[in-house]
Amino acid sequence: MRRLLLSGAAAAVISVASAGSAAAETQVQLDGRLSPVIREVPRQPPSMTLRMTARFIGDGPGFQPPILDHSVIRFPYGSRLNNRLFPHCDPALINRRGPDVCPRGSLIGRGYANVFADTERQRLTARMFNGRDGKSIVFYFHGTNPARVDVAFAAPLRRLRGGMWNYVLNVPVPEALQVVAGIPIYVREFVSTVGATRRVDGRRRGFIEAWSCPPGGQAPVQGDFDFLESAPVGVRSWIRCG
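If you're wondering where the values come from, they're calculated on a predicted model, not measured in any experiment.

### Notes on the overall build of the protein chain
- The helix and strand inventory of the protein chain stands at one helix and 17 strands.
- Seen along its three principal axes, the alpha-carbon backbone of the protein chain occupies a region of about 55 × 45 × 30 Å.
- Sorting the 242 residues of the protein chain into buried and exposed places 49% on the buried side.
- Contacts in the protein chain between residues at least 24 apart in sequence constitute 65% of all its contacts with a sequence separation of at least 6.
- Surface exposure of the protein chain reaches about 12100 Å², of which carbon and sulfur atoms provide 50%.
- The distance from the centre of the 31 positive side-chain charges to the centre of the 18 negative ones in the protein chain is 13 Å.

In structure tokens form, the structure reads like this:
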């Protein structure tokens, strides 16, 4: 992978995209932050932590967005994923026996989703696991009130060859996260933090590593989002260092 994360002198500005008619708009805000800052070229690439935030704003009550159906996130060059160095977990196994069945070291991140369960606000917790052969990220969501949620699914992860994007993550939202016991689920915000480490051959390795992340550095990120009964939305934004 390329060693240098694209840098920019100006502060990153969150991109906002709108879709649909003037009477029914959906807005998406996408933002990323990679840390820590790397001020000098290291002898070995250090472990990094990536925090991603996606916010969805609709025209429903309380700016309720439509139901999310599918997301595609394209990540830039500048860092590498050591997914093949980490154990994996099977979403089917989680759905049968719970997330604690996953092998030690397979957990790569955590997060949360702020949602509307119909008209009630609810927070779902999220865990992210390495998928089989490093070819997917396994998401596990949990919530109890008012909607009882316990669902795991795999989001295919692919490394690209050529072009401006290095990795692409496809996140199909399962029906069990769209409607729960007759309660529609509208995602307002999803925040994830990925940054696991483990010792391999006597050396501490990160799930994410980078050679460069200078102060003020930034690189583009692309998100495409499909909704039920609403037009798709595409947004271009930035992953910033620090």
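Having seen the model, we can carry on.
### Side note on the state of the cysteines
- Scanning the entire structure with this criterion turns up two disulfides.
- The disulfide partner of C89 is C102, and the gap between their sulfur atoms is 2.0 Å. A torsion of -75° about the S-S bond marks the disulfide between C89 and C102 as left-handed. Pair noted here: C89 is in the loop between β5 (80-81) and α1 (91-97) and C102 is in the loop between α1 and β6 (107-117), with a separation of 13 residues, a long-range link.

### Looking at the pairing of strand β12 (residues 183-194)
- The buried count for β12 comes to nine of 12 residues, which makes it a mostly enclosed element.
- Note: strand β3 (residues 49-57) against β12, six bridges, orientation antiparallel. Bridge pairing links A54 to F190 in β12.
- The sheet contact formed by strand β11 (residues 179-180) and β12 spans two bridges and is antiparallel. Paired with V179 across the strands is P184, a residue of β12.
- A loop of two residues connects β11 with β12, the two strands running antiparallel in sequence, and A181 in this loop sits at a positive phi of about 50°.

### Topic: the pattern of salt bridges
- Summed over all chains, the structure comprises six salt bridges.
- The shortest N-O distance in the salt bridge between D31 and R240 comes to 2.7 Å. Of this pair, D31 sits in strand β2 (residues 26-35) while R240 sits in strand β17 (residues 230-241), and the two are 209 residues apart along the sequence. Judged on exposure class, the residue D31 and its partner R240 are both buried.
- Put simply, R80 and E209 hold a salt bridge, and the shortest N to O gap is 2.8 Å. Here the residue R80 occupies a position in strand β5, and E209 occupies one in strand β15 (residues 208-209), the gap between them amounting to 129 residues.

### Some points on empty space enclosed by the protein
- Within the structure shown, the criterion is met by one cavity of 30 Å³ or more.
- By volume, the largest cavity is sized at about 780 Å³.
- Around the largest cavity sit 40 residues that line it, and F75, F139, L169, F190 and S192 are the ones nearest its centre.
- Class assignment for the residues of the lining of the largest cavity results in 36 nonpolar, four polar and no charged.

### Some points on the pairing of strand β16 (residues 218-227)
- Where burial is concerned, most of β16 is hidden: eight out of the 10 residues are buried.
- By the bridge criterion, six bridges tie strand β4 (residues 68-76) to β16 in an arrangement that is antiparallel. Bridge assignment links L68 to a residue of β16, and that residue is F227.
- For β16 and β17, the ladder comprises nine bridges, and the chain directions are antiparallel. Bridge pairing in β17 places A219 opposite I239.
- Hairpin remark: β16 followed by β17, antiparallel, with two residues in the connecting loop; positive phi at E229, about 60°.

### Digging into the layout of surface pockets
- The computed volume of the largest pocket comes to approximately 250 Å³.
- Taken together, 13 residues line the largest pocket, and the ones lying closest to its centre are N83, R84, G134, R159 and Y167.
- Of all the elements in the fold, those that place two or more residues in the lining of the largest pocket are β5 and β9 (149-159).
- With three residues, β9 is the single largest residue contributor to the lining of the largest pocket.
- For the lining of the largest pocket, a count of residues per class yields three nonpolar, three polar and seven charged.
- Estimates place the volume of the second largest pocket at around 190 Å³.
- What lines the second largest pocket is a set of 13 residues, among which P65, P66, I67, Y186 and E229 lie closest to the centre.
- Here the lining of the second largest pocket is built from residues that sort into six nonpolar, four polar and three charged.

Rules and cut-offs
Residues numbered from 1 in each chain as written. Predicted model: local features only at pLDDT ≥ 70, side-chain atom pairs only at ≥ 80, totals over all residues. Heavy atoms only, no water. Helix = DSSP H or I, 4+ residues; strand = E, 2+ residues; numbered from the N terminus. Buried < 20%, exposed > 50% of the residue type's maximum accessible area, 1.4 Å probe, protein only. Contact = heavy atoms within 4.5 Å. Areas by Shrake-Rupley, 256 points an atom, 1.4 Å probe, with all protein chains shown as cover. Lys, Arg positive; Asp, Glu negative; His and termini not counted. Charge placed at Lys NZ, Arg CZ, Asp CG, Glu CD. Disulfide = S-S within 2.5 Å. Pairing = 2+ DSSP bridges. Salt bridge = Lys/Arg side-chain N within 4 Å of Asp/Glu carboxyl O. 1 Å grid on protein atoms, 1.4 Å probe; cavity = no way out; pocket = protein on both sides within 12 Å on 5 of 7 lines; lining within 4 Å. Points joined across faces, edges and corners; volume = space filled by probe spheres on them. Nonpolar A, V, L, I, M, F, W, Y, C, P; charged D, E, K, R; others polar.

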